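So you can see what is in the structure, the chains are spelled out below.
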Amino acid sequence: MNTLSENITSIPLQHYVWLCTLLFVIGVAGVLIKRNALIIFMSIEIMLNSVNLLLVAFSVYHNDPAGQIFVFFVMVVAAAEVAVGLAIVVMVYRHTHSIDINFLNKLKW
Amino acid sequence: MVTKILFFFFSFLAIASSLMVLIVRKPIHGVLYLTLAFLAIAGHFILLNAQFIAIVNVIVYAGAIMVLFLFTVMLLNLNLSTELSKPRLVVLAAVIASGLLFLTIAGASKSAELNYNLYHPTTQIGLVKSLGKVLFNEFRFPFEVSSILFLSAMVGAVMLGKKTGD
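Figured I'd write up the structure that's included with this text. On a predicted model such as this, the values are computed, not experimentally measured, just so you know. (Residues numbered from 1 in each chain as written. Chains lettered and ligands numbered in written order. Predicted model: local features only at pLDDT ≥ 70, side-chain atom pairs only at ≥ 80, totals over all residues. Heavy atoms only, no water.)

Focus on the overall build of chain B
Each helix and strand in chain B was counted, giving six helices and zero strands. A burial count over chain B gives 36% of its 166 residues as buried. Within chain B, residue pairs in contact and separated by at least 24 positions form 59% of the contacts whose partners lie at least 6 positions apart. Counting every atom, chain B has about 9900 Å² of accessible surface; 74% of that belongs to carbon and sulfur. (Helix = DSSP H or I, 4+ residues; strand = E, 2+ residues; numbered from the N terminus. Buried < 20%, exposed > 50% of the residue type's maximum accessible area, 1.4 Å probe, protein only. Contact = heavy atoms within 4.5 Å. Areas by Shrake-Rupley, 256 points an atom, 1.4 Å probe, with all protein chains shown as cover.)

Spelled out as structure tokens, the structure:
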């Protein structure tokens, strides 16, 4: 265990920041590009996971367990969000027979 | 050295499979690639010695959430291969905007002077024992509130998924 932990120090925290930023940006691009509601949901999951990874990295490097507890609560909220969100997608599909978000423009300014 | 190789392997796997989610045409392939990305991120958690979060990530994300996505795609027959994409100009603008976001955050973090030497080599905070102590001492109340959140989410999902006709 100790040797594993000492090995982690060889990876600078900056690398985790770059990796998580890249993953987050991929998620943002997916939300902006795609019209399929399911794929937009998946992009949101990618963003949530990248933020989780960054929180855990900072928590380990600062030796503070509160960050990992916070990640646990983020996962709880994400699970609830996916359950309700997919129910909404199913309902939208029943009403419009499509999951194209361009049909959902009644609230668009 | 091994840790470094594993770090770059998992990073490449996570980034490549997240990109594939956006590239592939069928949603079901996107779901499978997303599972691969989540497993790569769980590998990162193990690399950081955060074993509890790693196993919760595998169970909750790669297990529960992805099964939910797969059920939605398969049961509703949503696996359409018809291309639903925005106009080329919008795609170009979105890619440029997200690239600029990456440059902004990466540049800001470079000048933030993150302190690398804070890490204590013998840290055991990611293990179930220490996290459980923190979770059930300091964070008892949020933990109980999250159960109410789950209950309300379950009721909401059932209400939304119910057929409205009968």
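Structural notes on the overall build of chain A
When you go through chain A residue by residue, the secondary structure sums to four helices and zero strands. The order of helices and strands in chain A, counted from the N terminus, is α-α-α-α. Here chain A holds 109 residues, and 59% of them are scored as buried. Pairs at least 24 residues apart make up 60% of the contacts formed inside chain A by residues separated by at least 6 positions.

Some details on the packing of aromatic side chains
Taken as a whole and assessed by the stated rule, the structure comprises 10 aromatic pairs over all chains. Centre to centre, the rings of A:Phe72 and A:Phe73 are 5.7 Å apart; their planes meet at 65°, and the pair counts as edge-to-face. The class of A:Phe73 is buried, set by a relative accessible area of 14%. With centroids separated by 5.6 Å and ring planes inclined at 50°, the aromatic side chains of B:Phe9 and B:Phe10 adopt a geometry described as tilted. Taking the relative accessible area as the measure of exposure, B:Phe9 reaches 46% and is therefore partly exposed. A relative accessible area of 17% means that B:Phe10 is categorised as buried. Members of the aromatic cluster, joined through ring pairs, are A:Phe72, A:Phe73, B:Phe52, B:Phe136 and B:Phe143. (Phe/Tyr/Trp six-rings, centres within 6.5 Å; stacked < 30°, edge-to-face > 60°.)

Here we look at helix α2 (residues 13–33) of chain A
Between its first and last C-alpha, α2(A) extends 30 Å over 21 residues, near the 30 Å set by a 1.5 Å rise per residue. For α2(A), a buried count of 15 out of 21 residues is recorded, marking the element as mostly surrounded by other parts of the structure. (Expected span 1.5 Å × (residues − 1).)

Some remarks on the packing of helix α4 (residues 66–96) of chain A against helix α5 (residues 128–137) of chain B
The N-to-C vectors of α4(A) and α5(B) enclose an angle of 75°; their axes lie 10 Å apart at closest approach. Taken together, the axes of α4(A) and α5(B) are roughly perpendicular relative to one another. Residues A:Gln68, A:Ile69, A:Phe72 and A:Phe73 of α4(A) touch α5(B), and the partners they reach there are B:Leu131, B:Val134 and B:Leu135. Counted by class, the contact of α4(A) with α5(B) contains six nonpolar, one polar and no charged residues. (Axes fitted to C-alpha atoms, helices over the stretch in contact; angles between N-to-C directions. Parallel < 35°, antiparallel > 145°, perpendicular 65-115°, else oblique. Nonpolar A, V, L, I, M, F, W, Y, C, P; charged D, E, K, R; others polar.)

Thoughts on the interface of chain B and chain A
The interface is formed by 79 residues belonging to chain B together with 77 residues belonging to chain A. Across the interface of chain B and chain A, roughly 7700 Å² is buried in total on both sides, 78% from carbon and sulfur atoms. At the junction of chain B and chain A, the tally comes to zero salt bridges. Linking chain B with chain A are three residue pairs in polar contact (both at pLDDT 80 or more), by the criterion used here. Contributions of two or more residues to the side of chain B that touches chain A are made by α1 (2–23), α2 (27–47), α3 (51–75), α4 (88–110), α5 and α6 (140–161) of chain B. Counting residues per element, the side of chain B that touches chain A draws most heavily on α3(B), at 12 residues. Here the side of chain B that touches chain A is composed, by residue class, of 53 nonpolar, 21 polar and five charged. (Buried area = accessible area lost by both parts, 1.4 Å probe. Salt bridge = Lys/Arg side-chain N within 4 Å of Asp/Glu carboxyl O. Polar contact = N/O pair within 3.5 Å; in protein donor to acceptor, adjacent residues only side chain to side chain.)

Focus on the nonpolar core
Ranked by size, the top nonpolar core spans 62 residues in total, and within it A:Val56, A:Phe72, B:Phe45, B:Leu48, B:Ile53 and B:Phe69 carry the most contacts. Sorting the residues of this core by element identifies α2, α3 (37–61) and α4 of chain A together with α1, α2, α3 and α5 of chain B as the ones contributing at least two each. Ranked by residues supplied to this core, first place goes to α4(A) with 13 residues. With residues near it in sequence (within four places) discarded, B:Phe69 still touches A:Leu38, A:Phe41, A:Met42, A:Glu45, A:Val82, A:Leu86 and B:Val31. (Core = buried A, V, L, I, M, F, W, Y, C linked by side-chain atoms within 4.5 Å.)

Section: a nonpolar patch on the surface
A surface patch of nonpolar side chains, amounting to about 540 Å² of accessible area, comprises B:Leu89, B:Leu92, B:Ile96, B:Leu100 and B:Leu103. Position of B:Leu92 among the secondary structure elements: in helix α4. (Patch = residues over 30% accessible without salt bridge, like charges linked within 9 Å, V, L, I, M, F, W, Y side chains within 5 Å.)

Looking at the environment of A:Phe41
With respect to the helices and strands, the residue A:Phe41 is situated in helix α3. For A:Phe41 and A:Leu86, which are 45 residues apart along the polypeptide, the C-alpha to C-alpha distance reads 8.5 Å.

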